[in-house]
Amino acid sequence: MLLGLVNICLLITLLLLAYLAYLFWTDPARGLRETTHRLEKLPTVMADRYTAFAALAVGIFFFADLKMTAFFFAVCAFLGLADGVIYARAGHPHLKHTLSGVLAMVASAISLYALFTNGDAV
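In what follows, the accompanying structure is described. (Residues numbered from 1 in each chain as written. Predicted model: local features only at pLDDT ≥ 70, side-chain atom pairs only at ≥ 80, totals over all residues. Heavy atoms only, no water.)

What to know about unusual backbone geometry
Backbone geometry places Thr36, a non-glycine residue, at a positive phi of 60 degrees. Among the secondary structure elements, Thr36 is positioned in the loop between α2 (28-35) and α3 (42-63). Under the relative-accessibility criterion, Thr36 is labelled exposed at 63%. One non-glycine residue with positive phi stands out, namely Ala64, at about 50 degrees. (Helix = DSSP H or I, 4+ residues; strand = E, 2+ residues; numbered from the N terminus. Buried < 20%, exposed > 50% of the residue type's maximum accessible area, 1.4 Å probe, protein only.)

Okay, structure coming up:
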């Protein structure tokens, strides 16, 4: 029963996040309106996003789950590479974002390798 409720919560969260992602990818101004975010507050919003990702990393570190570690790094790779593409297309410096994405891909691959070899590979 409770697991079902947890899964419903996850599904609702997934749908809301997917909807907001769609809005921001297709019509950023509408995404800002829908979420009531303000451009002038973006630096503060980014600060709490980085804090949240750092907290996720701490949790994943202490739970020591290689599946979640690989998934976390894959998500970080997407973020870094997507930001790199956005900045590169706009003609802005992008190396820090792109490199962070590449490094996160490497970390995800290492995590997957450790997972599939039971951490025994050298």
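Looking at the packing of helix α1 (residues 2-26) against α2
Geometry of a packed helix pair, given as the angle between the helix axes and the separation of the axes. Following both chains from N to C, one finds α1 and α2 inclined at 140 degrees, their axes separated by 5 Å at the closest point. Judged on the interaxial angle alone, α2 and α1 are oblique. The residues of α2 that touch α1, namely those facing Tyr19, Leu20, Leu23, Phe24 and Thr26, are Pro28, Arg30, Gly31, Leu32, Glu34 and Thr35. Classifying every residue of the contact of α1 with α2 gives 6 nonpolar, 3 polar and 2 charged. (Axes fitted to C-alpha atoms, helices over the stretch in contact; angles between N-to-C directions. Parallel < 35°, antiparallel > 145°, perpendicular 65-115°, else oblique. Contact = heavy atoms within 4.5 Å. Nonpolar A, V, L, I, M, F, W, Y, C, P; charged D, E, K, R; others polar.)

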